Amino acid sequence: MKKLVVLSGAGISAESGIPTFRDAGGLWEGYRVEDVATPDAWRKDRALVLDFYNERRKKALSVEPNRGHEILAELESRFDVTIVTQNVDNLHERAGSSHVIHLHGSLFESRSTVDENLVYPIKGWELKLGDKCEKGSQLRPNIVWFGEMVPKMEEAAAYAQDADIFIVVGTSMVVYPAAGLIEYVRREVPKFIVDPGSPEFRDARDIVFIREKASTGLEKVREELHKFLG
Ligand code: APR
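Caption draft 1: Just the packing of aromatic side chains, in detail. All chains considered together, the criterion is met by 6 aromatic pairs. Ring centres 5.8 Å apart and planes at 40° place the aromatic pair Trp42 and Trp145 in the tilted group. One end of the pair, Trp42, is in helix 4 (residues 39-44); the other, Trp145, is in the loop between strand 6 (139-143) and helix 8 (153-162), with 103 residues separating them in the sequence. What makes Trp42 buried here is its relative accessible area of 7%. For Trp145, a relative accessible area of 2% corresponds to the buried category. Residues Phe52 and Tyr53 carry aromatic rings whose centres are separated by 4.9 Å and whose planes lie at 80° to one another, so their mutual orientation is edge-to-face. The two residues Phe52 and Tyr53 agree in class, both being buried. Here the aromatic residues Phe21, Trp28, Tyr31, Phe52, Tyr53 and Phe146 are joined through ring pairs into a cluster of three or more. Across the ring face of Trp145, the terminal group of Arg140 is positioned such that the distance to the ring centre comes to 3.8 Å.

Caption draft 2: Summary view of the packing of helix 6 (residues 67-74) against helix 9 (residues 214-225). Close contact between helix 6 and helix 9 brings their axes to 7 Å; oriented N to C, the two are set at 25°. Our classification of the angle between helix 6 and helix 9 gives roughly parallel. In this structure, helix 6 meets helix 9 at a crossing whose hand is left-handed. Along its contact with helix 6, which presents Arg67, Gly68, Ile71, Leu72 and Glu74, the element helix 9 presents Ala214, Ser215, Leu218, Glu219 and Arg222.

The rules behind these values
- Residues numbered from 1 in each chain as written.
- Predicted model: local features only at pLDDT ≥ 70, side-chain atom pairs only at ≥ 80, totals over all residues.
- Heavy atoms only, no water.
- Phe/Tyr/Trp six-rings, centres within 6.5 Å; stacked < 30°, edge-to-face > 60°.
- Helix = DSSP H or I, 4+ residues; strand = E, 2+ residues; numbered from the N terminus.
- Buried < 20%, exposed > 50% of the residue type's maximum accessible area, 1.4 Å probe, protein only.
- Lys NZ or Arg CZ within 6 Å of the ring centre and 35° of its normal.
- Axes fitted to C-alpha atoms, helices over the stretch in contact; angles between N-to-C directions.
- Parallel < 35°, antiparallel > 145°, perpendicular 65-115°, else oblique.
- Left-handed = near helix turned anticlockwise from the far one by under 90°.
- Contact = heavy atoms within 4.5 Å.

If you want it as structure tokens, here you go:
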């Protein structure tokens, strides 16, 4: 089967009711990144950071995957699909995608603050002050904050390098290294971009830009993909 690699961002979850970060009414309009999503924020006010992610976890649990997530899951019957997502929700998995790399971590995992290899599932919506790892330190959300390394980038880049088809959906392409993933994709590989806005692209060669929301845009991509079967 041909290898299909997808880079997804907040826009694919927008139709499920999860706000994006940088659109009007987006999450970063209501919060300052440096107050809730940096190592410094965690040092200054753990309760505020935990609350911020508890609210987002509650929201993610209250919504359902949308047609966009479903189409990507359905493509597994015809392609070898890898989804590299910047999203910390679990809507790709809940729609049925079986190979999802979470570049920026997951809302549904906590991590030790003394040993980064100690990662635990979070059941329900709340991670509290006083919740500790087996070594006795406070647990933090297993999210990649601004200013932190992106440990899964190398793995994601290897899939991008090997891709036969590449799809980008619902990301403004302004946050690196994630936005640089497309640079790893071979030149001749067909690339589709689905976004109703104007994401940042340095290079428009061989790119089909579908300026639509994820549900209808991915339906069009699916039709185009017939050409690449066989
Ligand atoms: N379908 C597809 N795309 C959409 C939709 C939709 N229904 N609605 C909005 N979009 C597009 C916007 O036009 C924009 O290009 O989704 C993109 C969302 O961009 P951002 O809000 O910047 O989200 P994202 O690119 O995922 O952010 C990257 O930044 O804050 C950090 O760590 C966070 O992973 C996140 C990273």
